[in-house]
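# Structure at a glance
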Amino acid sequence: MLAEMDEVQARLDALVGALDGQDAGAIIAATEALATSVILFRGARVAEGSEGRARALIEAVLGQLEAAAIRVNILKNWTRQRIDNTHQLRGGAARGPALTY
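Quantities reported herein were computed from a predicted structural model and do not represent experimental measurements. (Residues numbered from 1 in each chain as written. Predicted model: local features only at pLDDT ≥ 70, side-chain atom pairs only at ≥ 80, totals over all residues. Heavy atoms only, no water.)

## Considering the pattern of salt bridges
Between side chains of opposite charge, a pair can form as their charged atoms come close. The line we're drawing: Here, a salt bridge means any Lys or Arg side-chain nitrogen found within 4 Å of an Asp or Glu carboxyl oxygen. A run of H or I in DSSP becomes a helix once it reaches four residues, and a run of E becomes a strand once it reaches two; helices and strands are each numbered from the N terminus. With a 1.4 Å probe rolled over the protein chains alone, any residue whose accessible area is under 20% of its type maximum counts as buried; one over 50% counts as exposed, and the rest are partly exposed.
By the definition in use, this model includes four salt bridges. Here Asp6 makes a salt bridge to Arg53, at a shortest N to O gap of 3.5 Å. Pair noted here: Asp6 is in helix H1 (residues 2-21) and Arg53 is in helix H3 (residues 51-89), with a separation of 47 residues, a long-range link. Given a relative accessible area of 35%, Asp6 falls into the partly exposed group. Using a relative accessible area of 43% as the deciding quantity, one classes Arg53 as partly exposed. Residue Arg80 is joined to Asp84 by a salt bridge in which the shortest nitrogen-to-oxygen separation is 3.5 Å. Pair noted here: Arg80 and Asp84 are both in helix H3, with a separation of four residues, about one helical turn. In this structure Asp84 comes out as buried when scored by relative accessible area, which is 11%.

Here you go:
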């Protein structure tokens, strides 16, 4: 289970890096790799005596998930602003702020 958690952490780091780089292809690849890692993690068992390390890894992963979510929301808002600016340049009305979840 610890190896699977380390893999999830590495995949999250790659996703955050892809989000920071604003590279759509890298974001898609990192998301798919993360999904695969999460599937493998869900099937893993926690070895006796490693519960503390597992909790620490899960907390770290949750922090990375929050960091990724923040980056997604920022990119979404930037994209909405660009779309609204384009509409204004063409004489159309802005569609409003992007939704955040």
